[in-house]
Amino acid sequence: MLAWRNVVVRYPGFELTLDLEVARGETLALLGPSGSGKSSALRVAAGLERPSAGRVFLGGRDVTDLPPERRGVGFVFQDYALFPHLTVEKNVAFGLEERGWERARIRRRVGELLEQMGLEAHAHKKPEQLSGGERQRVALARALAPEPGVLLLDEPLGALDLRLRERLLLELRRVLAGEEVTAVFVTHDQTEAFVTAERVAIVKNGRLVQQGAPEAVFERPADVWTARFLGHKNVLAPEEAAALGLTGGGPRVLLPGALRLGAGPLEGRVVERLFYGPRVGLWLEARGVRLYWEGSAAGAPAEGAALRLAIDPGRTVEVGQ
Amino acid sequence: MNLPSRLAALLVLAFLALALLWPLGLVIGRGVGYGLSAVLTDPYLRGRLGWSLAFGAGSSLLVVLFAVPLVYLLRYRFPGRDALVALSMVPFVLPTLVVATGMLAWAGPRGLLGLDLSGTPWILFWGSLLYNLGMTLRLVLGVLGGSGRLVEAARTLGAGSWRSFWRVELPLAAGALAAGAGLTFVYSFSSFGLPLILGGPRYATLEVAVYRALLERLAFGEAAALILVQTAVLVLVSLGYLYAQKRLAVRTGAPAPPPRLGGVRGWAALLLVAGFFTLLYAPLGALVLRSFWGPEGFSLAGWAALARPQASYFAPSAGLATYNTLRFSLLALLVTAPLGFAYAYGVWKGVRGLDLLGFLPLLVSPVSLAVGYLLAYPGLRASLLLLVTAYALLAYPLFARTVLAAMRRLPANLAEAARTLGAGPWRVLARVELPLLRPALGAAAALAAAVTIGEFGATLVLARPEWATLTVAIYERLGKPGTLNYQEAMALSVLLGLLAAGVFWGLGRGGEVG
């Protein structure tokens, strides 16, 4: 449905190269730290930026030379970019009017979206009268209104606080599934990507380092950097792995569940105990290696306690440098 | 609101009461006494009102008509674009008298254009457009600088370049465009130098009629009644302006770089805009050329005449006029700076009602003000105090606006942080706020100085012959026959223009003025 073919975007001191395809109806997350070039990829797809080289295809058609208004994509901006001089209703209707829809049809579609997003009460308000979450929903409704073939979302939840993010994340997931739209969204938050996307593509310094289903990517990170970026805490250097008796020459990641407390060949000590509420995190030290364990607070040892532990080699995976 | 801001407000109020309200009140009282009906039944005076309104409205219409297509082009990035935007601001700091002599050199009786437009409304409209267009462009481009994301959003929703301009940018710029049109109306409606020199009796504005009634016919009551009519119109327009600003104001985001117009289209845009400005600013070029042009071609006679000693008590030498101009501007700055800073500080710290009061001096024409001073303080006529006060009153709102814009850009929590660290409001002002505002203060002083250097109306009414400034000297030379006097007036105008622009860019480096 959407493809970047050998796309290159150059800035002074930065270059993004990308060759990637998104299937019809698929939700893809472009995941990477800030400055990795993921937003540029999105802007190139929308026609807001021209690539220095390569082509962009939408629905099999080469759209590289088309301006944004002729590509028929939906775009949700990080700061929403709602038109401050128009009401919520008029913002949502904007794209429909540009496409020359009939009035009655516009009214129907706008009403449908406002209802779906729970915005009926705000139809006649201006964007500045809305809360952050409401603005985010208006931006989503506006982008979805013209029934775009592809929906592009640039850090759609980036400007919201944590609590609101969690709620809207679920909403976003439901909407993307319900509209059966092909969606690409850019985020730096791996949880957001994992929860929402069917496929995750990880970008680092303008290069695609890994892609695949969220669980596959999480369980088999390509290298040390990716493992850390995806939230793995037990990423061991080869010497550390050897010290703990794990064989194999490369760096090794302990997946969740690899570490068992209470019995086993290793002697360790609790260095820090972090109480999060539903779970507790322990930073341990064993044979000079720092290890992290997370689990139920019930029965978890106290700070400073000595304990025995075991590593299940089946739950470890060797990764690249 | 803290103690310093209250003291600042008090200072401004006291100054306004003495320098504005009392003298103007006296004039208006006289005007009411003379009778509005006398003005409104006199066909000549009624004509002045009609023409002033038409000149104001026509000028704002022209400014809007030219500003919209220019903004459409200037919102793109193309070769030379930034230089053109900077260039468009030049006339705003030029004294009106320089624009007037420029128009004379271009389209006057001996003009370079070869077509004598003096005594027609067209030369006045041209001058007004030249003077006001840049200011409006600056206001509009300032607002649109923050709408980059919104245009991108419109583009992804299917609006092309023209459609997004029409549906998003133009509505967003409506407030700025209305502000530009409103200010253009105010400046043109009450303009003095341009119609005095170029308009003849038919196209004299109310302001010119006030001056003539006073100086040529000594008809004080009539002048006062005309001032009353003029002030009433200006008050109405300003109220409309404030209302429009509230209605049309929209907040846009952070400035974003304008989209690029590549290849041939970029060069075409450059050619179009540069060509337009070349034609619009041709009078300024004509002024410079004319100052080097005698009856027999190239001649330095006009410039050489600047070195002549004083011909008579009523004909000031160029040297004396330059000295007076700089002296008065500097003296005025000593009043303008503390006053303007006090005003900006009071408004910034939230003294209620002060922001509206600060508008008042913009409503008063310099000639009316000077008339009020003569009426209210006859005993001070022989001192420079009246002149300096008039300069300060006219300049401090501009000073304050520049400083206030910078104050509002300061993060609020800086002062709060200093307070929690133990600094009282005076200490915060001295240790945090003033140091951060220093560049803006320089720019504000430059703007105020440039404005007072070119002041004409109040100076003409208040100045004694030995106080003649450059503007008064130019007017005196223009009033005398002979090509040498004409050429000398041109040379003096170039000098005045260079002085005003030089002070503005030299002192403030032009950048900080918002």
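Residues numbered from 1 in each chain as written. Chains lettered and ligands numbered in written order. Predicted model: local features only at pLDDT ≥ 70, side-chain atom pairs only at ≥ 80, totals over all residues. Heavy atoms only, no water.

## Some points on the overall build of chain B
Looking only at helices and strands, chain B features 25 helices and 2 strands. Taken against the 2.2 N^0.38 rule, which gives 24 Å for 514 residues, the C-alpha radius of gyration of chain B at 23 Å falls within 12% of a compact globule. Its C-alpha atoms put chain B at 65 × 60 × 50 Å along the principal axes. Within chain B, buried positions represent 56% of all 514 residues. Intrachain contacts of chain B at a sequence separation of at least 6 include 82% that bridge at least 24 residues. Taking the average place of the 38 positive charges on the side chains of chain B and the average place of its 17 negative ones, the gap between the two points comes to 8 Å. (Helix = DSSP H or I, 4+ residues; strand = E, 2+ residues; numbered from the N terminus. Rg over C-alpha atoms; globule rule 2.2 N^0.38 Å. Buried < 20%, exposed > 50% of the residue type's maximum accessible area, 1.4 Å probe, protein only. Contact = heavy atoms within 4.5 Å. Lys, Arg positive; Asp, Glu negative; His and termini not counted. Charge placed at Lys NZ, Arg CZ, Asp CG, Glu CD.)

## Structural notes on the packing of aromatic side chains
Following the criterion strictly, the structure yields 31 aromatic pairs over all chains and no others. With a centroid separation of 5.5 Å and an interplanar angle of 10°, the aromatic rings of Phe185 of chain B and Phe189 of chain B are classed as stacked. You can see Phe185 of chain B and its partner Phe189 of chain B sitting in helix H9 (residues 161-189), 4 residues apart, about one turn around the helix. Among the aromatic residues, ring-to-ring pairing joins Trp51, Phe55, Trp122, Phe125 and Tyr203 of chain B into one connected group. Positioned above the aromatic ring of Trp101 of chain A is the side chain of Arg105 of chain A, whose terminal nitrogen or guanidinium carbon lies 3.7 Å from the ring centre. A cation over an aromatic ring shows up here: Lys233 of chain A above the ring of Tyr292 of chain A, its NZ or CZ 4.7 Å from the ring centre. (Phe/Tyr/Trp six-rings, centres within 6.5 Å; stacked < 30°, edge-to-face > 60°. Lys NZ or Arg CZ within 6 Å of the ring centre and 35° of its normal.)

## Side note on the pairing of strand E8 (residues 182-187) of chain A
Remark: a regular strand shows side chains that alternate across the two faces of the sheet. All names here are of chain A. Within E8, 6 of the 6 residues are buried, which leaves it mostly tucked inside the rest of the structure. Neither face of E8 is left uncovered, since the one carrying Thr182, Val184 and Val186 and the one carrying Ala183, Phe185 and Thr187 both have all their residues buried. Note: strand E3 (residues 27-31) against E8, 5 bridges, orientation parallel. Looking across to E8, one finds that Thr27 is bridged to Ala183. In terms of strand pairing, strand E7 (residues 150-154) meets E8 through 5 bridges, oriented parallel. Directly across from Leu153, in E8, lies its bridge partner Phe185. Handedness of the crossover is the feature at issue here: the chain leaves E7, passes through helix H5 (residues 162-179), returns alongside E8, and the resulting connection is right-handed. (Pairing = 2+ DSSP bridges. Right-handed = clockwise from strand over helix to strand, strands pointing away.)

## Observations concerning the interface of chain A and chain B
With 24 residues of chain A at the contact, the number on the chain B side is 19 residues. Regarding the contact of chain A and chain B, the summed buried area is about 1,900 Å², with carbon and sulfur atoms giving 60% of it. Contact with chain B buries area across many residues of chain A, yet Glu69, His85 and Glu98 of chain A alone supply 31% of it, more than any other trio. At the boundary of chain A with chain B, the tally comes to 6 salt bridges. The partner of Arg167 of chain B in a salt bridge is Glu97 of chain A, with the nearest N and O atoms 2.4 Å apart. Inspection of the chain A/chain B interface yields 8 residue pairs in polar contact (both at pLDDT 80 or more). Among the secondary structure elements, those contributing two or more residues to the side of chain A that touches chain B are helix H1 (38-46), strand E6 (73-76), helix H2 (88-98) and helix H4 (132-144) of chain A. For the side of chain A that touches chain B, the element with the most residues is H2 of chain A, which contributes 4 residues. Classifying every residue of the side of chain A that touches chain B gives 14 nonpolar, 2 polar and 8 charged. (Buried area = accessible area lost by both parts, 1.4 Å probe. Salt bridge = Lys/Arg side-chain N within 4 Å of Asp/Glu carboxyl O. Polar contact = N/O pair within 3.5 Å; in protein donor to acceptor, adjacent residues only side chain to side chain. Nonpolar A, V, L, I, M, F, W, Y, C, P; charged D, E, K, R; others polar.)

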